Amino acid sequence: MTIKGLGIPENKIDLSEQHGKEILNIVSQLLKPVYKPKRRLQRVVTKGARIRIEDERLVSPKTWKLTEVNGEEIYFEEGIVYVPKVEEIKKFRLFCQRLVELMGGNPETVNICVADRKTDGYNTKGQLFFNIARKDNPYRWIIVIARELAHNISRKRYPHMNAMTELLVSIIKH
């Protein structure tokens, strides 16, 4: 069985009670800073506020040169020697384009790059770049693409997160 429209095989997970406890134990260890115990609050009251949050973000420097590999356009970062096979480039581009399309974006704005592993995706002037050198899990690309598409709506934290959430909802519907 595959996820509709993406050709990603679904993982078969043993949902037995014992296996579920093992998964819960592993997840709870990974998410310790996020996990909070259940508390019963008698009342929740807040005052409206305007909060200004300045985010510190790591943006790695980019010096990418457009190159053609057997008819496929790809951006290479200076100093990176990895050259993906043409079949890999085509497959990855089509995969990214399909995800962008399912989220309501323009698939023609998808570009493939070979860059440092710190970069997974990048959006500049509405053009999307995805780093084929990362070899990430296909499910991770769904998040990366939603994040980069959300930059077309807003680069401010909360509007960006709201846009990203809506993009993820749209792909889940598909």
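If you're wondering where the values come from, they're calculated on a predicted model, not measured in any experiment.

Take the sheet that holds strand 4 (residues 72-77) next. In space, the five strands of this open sheet follow the order 3-4-5-7-6, with mixed pairing throughout. Of all strands in the sheet, those with a lone pairing partner are strand 3 (64-69) and strand 6 (121-124), marking the two edges. The average angle at which neighbouring strand axes cross in this sheet is 35°, direction not considered. Bridging between strand 4 and strand 5 (residues 110-114) involves two bridges; their strand directions are parallel. Following the sheet pairing, Y75 is matched in strand 5 by C113. Against the sheet, helix 2 (residues 86-102) touches strand 3, strand 4, strand 5 and strand 7 (127-131), its axis set at about 140° to strand 5. Contacting strand 6 and strand 7, helix 3 (residues 138-150) runs over the sheet at an angle of about 155° to strand 7.

With that out of the way, let us pick up the nonpolar core. Within the largest apolar cluster, 31 residues are counted, with the highest numbers of intra-cluster contacts made by I74, M103, F130, W141 and I145. Filtering out sequence-adjacent residues up to four positions away, I145 remains in contact with C96, L99, V100, M103 and F130.

So, about the side chain of D136. Note on placement: D136 falls in the loop between strand 7 and helix 3. Only 2.6 Å separates the side chain of D136 from the side chain of R134, close enough to count as a polar contact. Polar side-chain contacts of D136 include one of 3.2 Å to the side chain of R140. With near-sequence residues (within four places) excluded, D136 lies in contact with R117, D120 and W141.

Regular strands place their side chains on alternate faces of the sheet. With burial as the criterion, only one face of strand 6 is covered, namely that bearing G121 and N123; the residues Y122 and T124 on the opposite face remain uncovered. Relative to strand 7, strand 6 is paired through four bridges, and the arrangement is antiparallel. Each bridged residue has a counterpart across the sheet, and for N123 the counterpart in strand 7 is L128. The turn joining strand 6 and strand 7, which pair antiparallel and follow one another in sequence, is formed by two residues; a positive phi near 55° is taken by K125.

This paragraph deals with the environment of L168. Summarising the element assignment, L168 is placed in helix 4 (residues 157-173). Between the C-alpha atoms of L168 and R147, which are 21 residues apart in sequence, the distance is 9.1 Å. Here L168 is in contact with I142, I143 and A146, once residues within four sequence places are set aside.

Let us now look at the confidence of the model for the protein chain. Here the protein chain averages 77 in pLDDT, and 64% of its residues register 70 or above. Long-range and interchain partners of residues 1-10, a stretch whose pLDDT sits below 50, account for 21 contacts in this model, where long-range means more than four residues apart.

Turning next to unusual backbone geometry. With the exception of glycine, the majority of residues adopt a negative phi angle, and the majority of peptide bonds are in the trans configuration. With a phi angle near 55°, K125 is a residue other than glycine that sits in the positive phi range. In this structure, K125 sits in the loop between strand 6 and strand 7. Backbone geometry places K135, a non-glycine residue, at a positive phi of 55°. Inspection of the secondary structure puts K135 in the loop between strand 7 and helix 3. Given the relative accessible area of 52%, K135 is considered exposed.

Moving on to the pattern of salt bridges. As enumerated under the stated definition, the model contains eight salt bridges in all. Among the salt bridges present, the one from E72 reaches R93, with a minimum N-O distance of 3.2 Å. With E72 in strand 4 and R93 in helix 2, this residue pair connects regions lying 21 residues apart in the sequence. Judged by its relative accessible area of 14%, E72 is buried. With relative accessibility at 13%, the residue R93 sits in the buried group. Note that R147 and E148 form a salt bridge whose closest N and O atoms lie 2.9 Å from each other. Among the residues examined, E148 registers a relative accessible area of 4% and is labelled buried.

About the thresholds
Residues numbered from 1 in each chain as written. Predicted model: local features only at pLDDT ≥ 70, side-chain atom pairs only at ≥ 80, totals over all residues. Heavy atoms only, no water. Pairing = 2+ DSSP bridges. Helix = DSSP H or I, 4+ residues; strand = E, 2+ residues; numbered from the N terminus. Axes fitted to C-alpha atoms, helices over the stretch in contact; angles between N-to-C directions. Contact = heavy atoms within 4.5 Å. Core = buried A, V, L, I, M, F, W, Y, C linked by side-chain atoms within 4.5 Å. Buried < 20%, exposed > 50% of the residue type's maximum accessible area, 1.4 Å probe, protein only. Polar contact = N/O pair within 3.5 Å; in protein donor to acceptor, adjacent residues only side chain to side chain. pLDDT = per-residue confidence, 0-100. Salt bridge = Lys/Arg side-chain N within 4 Å of Asp/Glu carboxyl O.

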